[in-house]
Amino acid sequence: MAASNSFYDLYRHGSLGMTLTDALDELIENNSIAPQLAMKVLTQFDRVVAETLQERVKSRLTFKGSLDTYRFCDEVWTFLIRNVTFKMDGTQGTVVADKVKIVSCSAKRNDDK
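In short, a report on the structure. (Residues numbered from 1 in each chain as written. Predicted model: local features only at pLDDT ≥ 70, side-chain atom pairs only at ≥ 80, totals over all residues. Heavy atoms only, no water.)

Thoughts on the overall build of the chain
Here is step 1: Scanning the chain for helices and strands turns up two helices and three strands.
Here is step 2: Mapped from its N terminus to its C terminus, the chain presents α and β elements in the order α-α-β-β-β.
Here is step 3: By the burial criterion, 14% of the 113 residues in the chain qualify as buried.
Here is step 4: Residue pairs at least 24 apart in sequence account for 44% of intrachain contacts in the chain once pairs closer than 6 positions are excluded. (Helix = DSSP H or I, 4+ residues; strand = E, 2+ residues; numbered from the N terminus. Buried < 20%, exposed > 50% of the residue type's maximum accessible area, 1.4 Å probe, protein only. Contact = heavy atoms within 4.5 Å.)

Notes on the packing of aromatic side chains
Here is step 1: Scanning the entire structure with this criterion turns up four aromatic pairs.
Here is step 2: Between Tyr 70 and Trp 77, the ring centres sit 6.4 Å apart and the planes meet at 35°, which makes this aromatic pair tilted.
Here is step 3: Tyr 70 sits in the exposed class, given a relative accessible area of 53%.
Here is step 4: Take Trp 77: its relative accessible area is 34%, and that puts it in the partly exposed class. (Phe/Tyr/Trp six-rings, centres within 6.5 Å; stacked < 30°, edge-to-face > 60°.)

As for the pairing of strand β3 (residues 95–105)
Here is step 1: In this structure, strand β2 (residues 76–88) lies alongside β3, joined through 10 bridges in antiparallel fashion. The residue of β3 that forms the bridge with Phe 79 is Ile 102.
Here is step 2: What sits between β2 and β3 in their antiparallel hairpin is a turn of six residues, with Gly 90 showing a positive phi close to 85°. (Pairing = 2+ DSSP bridges.)

Some thoughts on the side chain of Thr 78
Here is step 1: Looking at the element boundaries, Thr 78 is found in strand β2.
Here is step 2: For Thr 78, a relative accessible area of 10% puts it in the buried group.
Here is step 3: Beyond its immediate chain neighbours, meaning those up to four positions away, Thr 78 contacts Thr 69, Tyr 70, Arg 71, Lys 101, Ile 102 and Val 103.

A look at the environment of Lys 99
Here is step 1: Its place among the elements puts Lys 99 in strand β3.
Here is step 2: By relative accessible area, Lys 99 is classed as exposed at 60%.
Here is step 3: Residues Lys 99 and Asp 68, spaced 31 residues apart in sequence, show a C-alpha to C-alpha distance of 9.2 Å.
Here is step 4: What Lys 99 contacts, discounting residues up to four positions off in sequence, is Ile 81 and Arg 82.

In structure tokens form, the structure reads like this:
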């Protein structure tokens, strides 16, 4: 039997995921849907976003900066980088940021092994 949630919920913290969560919360408060259905919708969202990014995004991005902090905990790497310059393959321009946080998770969850 597959795990109930075999995809990370990282994308829920982006603007699309937060908007979806807010809409689901409102539907629960109005008794329009059950909380269990909202959790199923969020689980489906996690799966579809991860699969879509894996299958459809073919662009490459390189970045350069100063590593400020890094940690590895529970199979998740977190990097905090300062003075970052991004360049996407096939483009002339660059994007610069003061601080960037990168979270990197294993493609295979521990509960999937």
